[in-house]
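# Remarks on the overall topology
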Amino acid sequence: MHEELIAIKGFSDGLLISLSPTESWQSVTDQLASRIDEKADFFAGANITVELGERPVPKYELSSLKALLERRGLTLSLVRSASNTTQKSAESLDVPTDNGAAPEAAEPMARETAPVNSEETGTAGVLFRRTLRSGRTIHSEGHVIVFGDVNPGAKVIALGDVVVWGKLRGYVHAGAGGDATAIVCALDMSPSQLRIAECVFRSPPGRRKKIMPEVALVRGDEIVVETRA
Amino acid sequence: MGGKVVTISSGKGGVGKTTATANLGISLASLGKKVVVIDADIGLRNLDVIMGLENRIVYDLVDIVEGRSKLRQAMIKHKKFDRLFLIPAAQTRDKMAVSPDDMVKLTDELREDFDYVLIDSPAGIERGFRNALEPADEVLIVTNPEVSSVRDADRIIGLIEAADKGPGRLIINRLKTDLVKKGEMLSSEDVYDILGLTIIGIIPEDELVLSASNSGIPVTLNTQSKAGLAFNNVARRVAGEDVPFMKLDDSPGIFQRLVGLLNGR
Ligand SMILES: Nc1ncnc2c1ncn2[C@@H]1O[C@H](COP(=O)(O)OP(=O)(O)O)[C@@H](O)[C@H]1O
Ligand SMILES: [Mg+2]
């Protein structure tokens, strides 16, 4: 197997994609496109930070990368680069940049979130301590806890479980890697769409139920929503 | 630190940002405050028209930033209130002519002499929005009580929070009480339920707003106008007064105000 030219990490409010600074631009972007196409569910709607290291990327290359992402419904929200050329290219495309010197501070959401570790080794997650608003997506390769609401137009996509300490009215996909044992909990379960692994559940329209904490899980091959004492 | 910078934003255009900025400017000035309003909508300037000052423009925001004009030279004094000034937007098509840093420098200078600097933000989330957001001490978000406008406001609030300027306070504009009663328009409670921000004003739909804009005399100067009165109340709340909500048959319920209190807002 040939060397990985790109590394992808889920973090607080999107995905961080690091592109090899030395390999040819063509092969790097080709590999990126096929990685995204393979795991379209996981990438859906993400805000992307691209890390380019020292590579000087001219405007036309950066704009084709931006277009590559946009065609797949992704937003290039930050370019991290140590090269002046690349930074200028980003500026002229009106994409925010930073030089990667202080990656934590540069990501405005970082302060609001903290990594959580579950008892199982290796499954890190995201804790988001306020309302997740329209247009925002959390991607996590672990679990996600939102201490606030998930508003209409917001998305949570996790390989693990999703816990919403608030109103769930946006889109949630738990077990997005295929894990049908994943669960979704919310204080007020009214998602615009809820998925666990391959199963899809839509809130029954017009259901005026009492608001109470509920858990969604897969039984058989269907998602059921239950209250728990 | 001196004066306070208040940015008026919305995400979507046409919801009433410019109307709100003009009226808050006038109201704050009539409360005796020294106020500058800045039109940050480069390329689409219209705050000057609504304030009846378009004929007096010599220099604009870009002239100040690029050093063609001193700050004082570009500031236009209002005809009626000598404590109220406008810095107009440029007509240039280059939206990149002004940077967020430029705006911070400019407003820092203005803070020294003024109580309030109001910034009318352009629609969208591009450079112009970031210019308006960067210097803000507080953001007022204008929304109409309809689903798409609330969705846009929510987006903008997310960006404002991410920039550590949030969460801001909400102006619900163009509320039609009769439609709310018929269930054809979101109520202020519905809007609050989604956005969760403190409501600083509820402005009714009022046809006097349009005629006021056309004549360059903002509606808050018209004592017959309910919208004018409501904008005046917003200004007093901005200035720190505790003003009860008008009876529009749709003032925020007691429950919501309790929630606001509990959250320290
Ligand atoms: N409360 C209101 N009642 C009636 N018309 C209004 C009200 N507020 C704003 N308008 C009208 O809505 C239009 C858009 O307002 P404007 O302030 O220019 O929006 P923005 O600056 O957000 O694009 C204008 O024609 C204005 O007269
Ligand atoms: Mg406007």
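Anything mentioned here points back to the structure above.
Scope of this entry: the structure provided in the associated data block.

## Thoughts on the sheet that holds strand 15 (residues 199–201) of chain A
In a beta sheet, neighbouring strands are held together by backbone hydrogen bonds and run either parallel or antiparallel to one another. Residue and element names in this part refer to chain A. In space, the five strands of this open sheet follow the order 8-10-12-14-15, with mixed pairing throughout. Among the strands making up the open sheet, the edge pair consists of strand 8 (137–140) and strand 15. The sheet shows a mean angle of 10° between the axes of neighbouring strands, direction not considered. As paired strands, strand 14 (residues 193–196) and strand 15 are joined by three bridges and run antiparallel to one another. Considered in strand 15, the bridge of R195 is made with V200.

## Let's talk about the packing of aromatic side chains
All names here are of chain B. Overall, the coordinates contain one aromatic pair over all chains when judged by the stated rule. Centre to centre, the rings of F85 and F114 are 5.7 Å apart; their planes meet at 80°, and the pair counts as edge-to-face. With a gap of 29 residues between them, F85 in strand 4 (residues 84–87) and F114 in the loop between helix 5 (100–113) and strand 5 (116–120) connect regions that are remote in the sequence. Comparing F85 with F114 shows no difference in burial state: the two are buried.

## Details of the nonpolar core
Among the nonpolar cores identified, the biggest contains 37 residues, and V37, L84, L118 and L140 of chain B are the most heavily contacted of them. Among residues more than four places away in sequence, those in contact with L140 of chain B are V6, T7, I8, S9, L24, R169, I171, I200 and V238 of chain B. Counting 31 residues, the second largest nonpolar core, distinct from the first, contains V50, L52, L69 and L93 of chain A.

## A closer look at the environment of D190 of chain B
Residues and elements named next belong to chain B. Along the chain, the position of D190 falls in helix 9 (residues 188–195). The class for D190 is partly exposed, based on a relative accessible area of 36%. For D190 and V150, which are 40 residues apart along the polypeptide, the C-alpha to C-alpha distance reads 9.9 Å.

## What to know about the sheet that holds strand 7 (residues 169–175) of chain B
Residue and element names in this part refer to chain B. Strand order in the open sheet formed by eight strands is 3-4-2-5-1-6-7-8, with mixed pairing between adjacent strands. Each end of this open sheet is capped by a strand with a single partner; those strands are strand 3 (76–77) and strand 8 (199–204). With two bridges joining them, strand 3 and strand 4 adopt antiparallel strand pairing. Counterpart to I76 in the pairing with strand 4 is L86. Strands strand 6 (138–143), strand 7 and strand 8 of the sheet are contacted by helix 9, whose axis makes an angle of about 145° with strand 7.

## Observations regarding a nonpolar patch on the surface
All names here are of chain A. A cluster of nonpolar side chains, namely F147, W165 and L187, defines an oily patch on the protein surface of about 320 Å² accessible area. Note that L187 resides in strand 13 (residues 184–189). Its relative accessible area of 31% is what places L187 among the partly exposed residues.

## Side note on the interface of chain A and chain B
Each side of the interface is counted separately: chain A has 16 residues, and chain B has 17 residues. Across the interface of chain A and chain B, roughly 1400 Å² is buried in total on both sides, 35% from carbon and sulfur atoms. Sorting the residues of chain A by area buried against chain B places D94, R133 and S134 of chain A first, and these three jointly supply 41% of that buried surface. Connecting chain A to chain B are six salt bridges. Here R133 of chain A makes a salt bridge to D154 of chain B, at a shortest N to O gap of 2.8 Å. The tally of links from chain A across to chain B stands at nine residue pairs in polar contact (both at pLDDT 80 or more). Counted by class, the side of chain A that touches chain B contains three nonpolar, five polar and eight charged residues.

Rules behind the numbers
- Throughout this document, residue positions are counted from 1 along each chain, in the order its sequence is written.
- Whichever chain is written first is A, and whichever ligand is written first is 1; the rest continue in order.
- Residue-level local features of this predicted model are given only where pLDDT is at least 70; pairs of side-chain atoms are given and counted only at 80 or more, and the full residue set underlies all totals for whole chains, interfaces and linings.
- Values reported for side chains reflect all heavy atoms of the structure, with hydrogen atoms and water molecules removed beforehand.
- Any two strands between which DSSP finds at least two bridges are classified as paired.
- Put simply, DSSP H or I for four residues or longer makes a helix, DSSP E for two residues or longer makes a strand, and each gets a number counted from the N terminus.
- Orientation is described by lines fitted to C-alpha atoms, with helices fitted over the stretch in contact, and by angles between N-to-C directions that extend from 0 to 180 degrees.
- Pairing of aromatic side chains here covers Phe, Tyr and the six-membered ring of Trp, requires ring centres within 6.5 Å, and sorts the geometry by plane angle: under 30 degrees stacked, over 60 edge-to-face, intermediate tilted.
- Note on classification: 1.4 Å probe, protein chains only; a residue is buried when its accessible area is under 20% of the maximum for its type, exposed when over 50%, partly exposed between these limits.
- Buried residues of nine kinds, namely Ala, Val, Leu, Ile, Met, Phe, Trp, Tyr and Cys, make up a nonpolar core once their side-chain atoms join them within 4.5 Å.
- Should any heavy atoms of two residues lie within 4.5 Å, those residues are counted as being in contact.
- Every patch collects residues that have over 30% relative accessible area and no salt bridge, joining them within 9 Å if they carry like charges and within 5 Å if they are nonpolar side chains (Val, Leu, Ile, Met, Phe, Trp, Tyr).
- Areas reported here follow the Shrake-Rupley algorithm with a probe of radius 1.4 Å; residue values treat only the protein chains shown as occluding.
- In the sections that follow, a salt bridge refers to a side-chain nitrogen of Lys or Arg positioned within 4 Å of a carboxyl oxygen of Asp or Glu.
- Each of two parts loses accessible area, computed with a 1.4 Å probe, when they are put together; buried area is these two losses added.
- We call two N or O atoms a polar contact when they sit within 3.5 Å, provided that within protein one can donate a hydrogen and the other can accept it, with sequence-adjacent residues counted only if both atoms are side-chain atoms.
- Note on residue classes: Ala, Val, Leu, Ile, Met, Phe, Trp, Tyr, Cys and Pro are nonpolar, Asp, Glu, Lys and Arg are charged, and everything else, Gly too, is polar.

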